[in-house]
Amino acid sequence: MRILTASDHALLVEAADLDEAMRLNLAWEGVPGVVERIPGARTVLVRFDPLGVSAVELATALAAVEIDTAQLPDAGEVVVPVRYDGEDLDEAATLLRVSTEELVNRHLAADWRVAFSGFAPGFGYVVSSDPLFDVPRRSSPRTRVPAGSVALAGAFTGVYPRESPGGWQLIGRTDAVMWDIDRDPPALLAPGTSVRFEHVREVARLDLGRSDESGRNGDDAVRPGRVVEQHAETDADALGFRTEAAVEVVRPSLQLLVQDAGRPGFAALGVSASGAADRRALHDANRAVGNATAAAVLESVGGAVLRFRGAGVAAVTGAIGALSLTDVEGAVRSVAHGVPFATVDGDELTLGHPARGLRYVIAVRGGLEVAAALGSRAADTLAGLGPEALTAGTVVPVGGVASHPVEPDALPRELPAVGDLVELEITLGPRDDWFTAGALATLTAQEWTVTPRSDRVGIRLHGEVPLERARGGELPSEGAVTGAIQVPPDGQPVLFLPDHPLTGGYPIIGALTDRSLDLAGQLPPGVRLRFIVKETS
């Protein structure tokens, strides 16, 4: 095997083929220092704790583990009804040099099995023994692929669990529910599952969610990740939430989310860690009000207005801008950045447009009390996990427990303004060998601009000179870390943020070091970047 650097806290291990990658992934269960493993088509991404093990020590330990030759586990069988009417069906048939009818018939006849999960929760990479299926991705990915789309790429079939960007060839659609957090397991296409595709003229609705006692699907029940909108007619106490303290959204920002430290450890389900884009701001805000460091907070892209219900203590960290508090009588006072301040019922907090940075973090003593999804209250915008983006009128309950006393002193911090030049530290790899020497020089010598086409999934960068590949063709899907610098065919990099897909097929030329990740979460459009390669001993 070949072991490559994926970041300063991850290794990418190349296997001979998919079967070996799956066996390596199983064999490395329990290896000391390993945080998470993400299998790919011919690789395993191994995230590790640098405080517990070095990259060299881990590489040695991984190479020493014997691979089990026993049969891989079987997770049962599912049937997926498909209407074969995808936009790319004819093009996929042409690429495979068969008729549309033969493509469909062989897709139905093949024995399929889920090899691994990735991209998004519930997205299973399904393979068969039929050598026909080796399909290139689209040269230009779609910005929106509908949920339930059945698609081909490489040797895999996949079904998009929810609407998302994607570059796979669409051959059909299904109404089978790929991901339901109330189901056990949540993913219909879990690794090891045998899959049989069934041709239908009209897609039959498969309601695979867990029903309540009345036999209904339970859509009206309080489900994990929901934020209760406590309008006047809502009996919040009957739903089991506190009403003494809460935060009401008067005017939302461009994106107002509930976030915490995230949900690491679910890569096998295709679930990324997500969590606050700026972990330091999360910790600083919770420290200021006396919460546990991982308590749920609000993350606001740009200005907003929030109203406090009941008495409490709050603090604002992250982005730097004008902050003010208006009481019920209209009196206005300024609020210091990073310093805890008392609130009473009816106080309104106004967050001005950030002068520096991008994302405010607002913590309230006691933390935000919304239901958890997979142990976290974080909103994952790609996966659709956790609370939805907050809108005007939404009321978020506040918990009643804080772990520590408030900390009155703000922690100083510098954040960039539009037009500033920011240096970010990176490691090269794992696929820097896919690029020319000139591209590697351009990566670090050229300034890159943060474009408005950026979100919690990734920051799209633009440089005068695109990065040129030394190798053509496609890269089999493999794992990616937060901070990875992925390069699409146009040569303009995408810098992955917390809600990024777990796997992807575009080569990753480098990745931010851990200490650069929080700053990346605070980069507004218009900031200029320069990458600095971390010196290794």
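Residues numbered from 1 in each chain as written. Predicted model: local features only at pLDDT ≥ 70, side-chain atom pairs only at ≥ 80, totals over all residues. Heavy atoms only, no water.

(A) Structural detail: the overall build of the chain. Regarding its fold elements, the chain presents 7 helices and 33 strands. Taken over the C-alpha trace, the chain has a radius of gyration of 24 Å; the compact-globule value for 537 residues is 24 Å, and the two agree within 12%. Overall size of the chain, expressed as C-alpha extent along the three principal axes, is 75 × 65 × 40 Å. Of the accessible surface of the chain, which amounts to about 22800 Å², a share of 50% is contributed by carbon and sulfur atoms. For the chain, the distance from the average site of its 47 positive side-chain charges to the average site of its 72 negative ones is 2 Å. (Helix = DSSP H or I, 4+ residues; strand = E, 2+ residues; numbered from the N terminus. Rg over C-alpha atoms; globule rule 2.2 N^0.38 Å. Areas by Shrake-Rupley, 256 points an atom, 1.4 Å probe, with all protein chains shown as cover. Lys, Arg positive; Asp, Glu negative; His and termini not counted. Charge placed at Lys NZ, Arg CZ, Asp CG, Glu CD.)

(B) Molecular detail of the environment of Ala-315. Secondary-structure assignment places Ala-315 in strand 18 (residues 312–320). Along the chain, Ala-315 and Leu-428 lie 113 residues apart, while their C-alpha atoms are 38 Å from each other. Beyond its immediate sequence surroundings of up to four residues, Ala-315 is in contact with Ala-285, Ala-288, Val-289, Val-339, Pro-340, Phe-341, Val-361, Ile-362 and Ala-363. (Contact = heavy atoms within 4.5 Å.)

(C) Expanded view of the sheet that holds strand 19 (residues 323–326). Within the open sheet, the 6 strands sit side by side as 20-19-22-17-14-24. Their pairing is antiparallel. Unpaired on one side and paired on the other, strand 20 (332–334) and strand 24 (395–397) mark the two borders of the sheet. Pairwise comparison of adjacent strand axes, ignoring direction, gives a mean angle of 25 degrees for this sheet. Sheet topology note: the strand 19/strand 20 ladder contains 3 bridges and is antiparallel. Within strand 20, the residue paired with Ser-324 across the bridge is Ser-334. (Pairing = 2+ DSSP bridges. Axes fitted to C-alpha atoms, helices over the stretch in contact; angles between N-to-C directions.)

(D) Broad picture of helix 2 (residues 55–64). Those residues of helix 2 that sit buried are Leu-58, Ala-59 and Leu-62. Looking down the long axis of helix 2, one finds its buried residues gathered within 100 degrees of arc, a one-sided arrangement. Seen from the open side of helix 2, the exposed residues pointing more than 90 degrees away from its buried face are Val-56, Thr-60 and Ala-64. Its buried side turned inward, helix 2 meets strand 1 (2–7), strand 2 (10–14), strand 3 (34–39) and strand 4 (43–48). (Buried < 20%, exposed > 50% of the residue type's maximum accessible area, 1.4 Å probe, protein only. Arc of directions from axis to C-beta.)

(E) Quick peek at the sheet that holds strand 1. In space, the 4 strands of this open sheet follow the order 1-2-4-3, with antiparallel pairing throughout. On the outer flanks of this sheet lie strand 1 and strand 3, each paired with one strand and no other. Geometrically, the sheet is characterised by an average inter-axis angle of 25 degrees between neighbouring strands, direction not taken into account. Pairing of strand 1 with strand 2 involves 5 bridges; the strand directions are antiparallel. Considered in strand 2, the bridge of Leu-4 is made with Leu-12. Along the sheet, helix 1 (residues 18–27) contacts strand 3 and strand 4; its crossing angle with strand 4, the most-contacted strand, is approximately 25 degrees.

(F) View of the pattern of salt bridges. Scanning the entire structure with this criterion turns up 30 salt bridges. Between Arg-106 and Asp-130 there is a salt bridge, with its nearest N and O atoms 2.7 Å apart. With Arg-106 in helix 4 (residues 100–109) and Asp-130 in the loop between strand 7 (124–128) and strand 8 (142–145), the pair connects residues that are 24 residues apart, well separated along the chain. On the accessibility criterion, Asp-130 (15% relative accessible area) is buried. A salt bridge links Asp-420 to Arg-356; its shortest N-O distance comes to 2.9 Å. Here the residue Asp-420 occupies a position in the loop between strand 24 and strand 25 (421–428), and Arg-356 occupies one in strand 23 (residues 356–364), the gap between them amounting to 64 residues. According to the relative accessible area criterion, Asp-420 is partly exposed, its value standing at 26%. We classify Arg-356 as partly exposed; its relative accessible area is 32%. Within the structure, one salt-bridge network assembled from shared partners comprises Arg-2, Glu-14, Arg-431, Asp-433 and Glu-478. (Salt bridge = Lys/Arg side-chain N within 4 Å of Asp/Glu carboxyl O.)

(G) Seen up close, the nonpolar core. By size, the foremost hydrophobic cluster in this structure holds 28 residues, and its most contacted members are Val-80, Leu-103, Ile-171, Leu-189 and Val-195. Listing elements by their share of this core, those giving two or more residues are strand 5 (77–82), helix 3 (89–96), helix 4, strand 6 (112–117), strand 9 (149–153) and strand 13 (194–199). For this core, the leading source of residues is helix 3, giving 4 residues. One finds Ala-296, Leu-306, Leu-368 and Val-370 within the second-largest nonpolar core, a separate group that totals 27 residues. (Core = buried A, V, L, I, M, F, W, Y, C linked by side-chain atoms within 4.5 Å.)

(H) Seen up close, the pairing of strand 16 (residues 297–301). Here strand 16 lies mainly inside the structure; 5 of its 5 residues are buried. Across 5 bridges, strand 15 (residues 255–259) lies against strand 16 in antiparallel orientation. Across the sheet, the residue bridging to Leu-257 is Glu-299, located in strand 16. Strand direction decides the pairing type here: strand 16 and strand 23, joined by 4 bridges, are antiparallel. Bridging from a neighbouring strand, Leu-298 pairs with Ile-362 of strand 23.

(I) Here's a closer look at the pairing of strand 17 (residues 304–309). Direction of pairing for strand 14 (residues 246–251) relative to strand 17: antiparallel, over a ladder of 5 bridges. Paired with Val-247 across the bridge in strand 17 is Phe-308. The pairing of strand 17 with strand 22 (residues 348–351) spans 4 bridges and is classified as antiparallel. Bridge pairing in strand 22 links Ala-304 to Leu-351.

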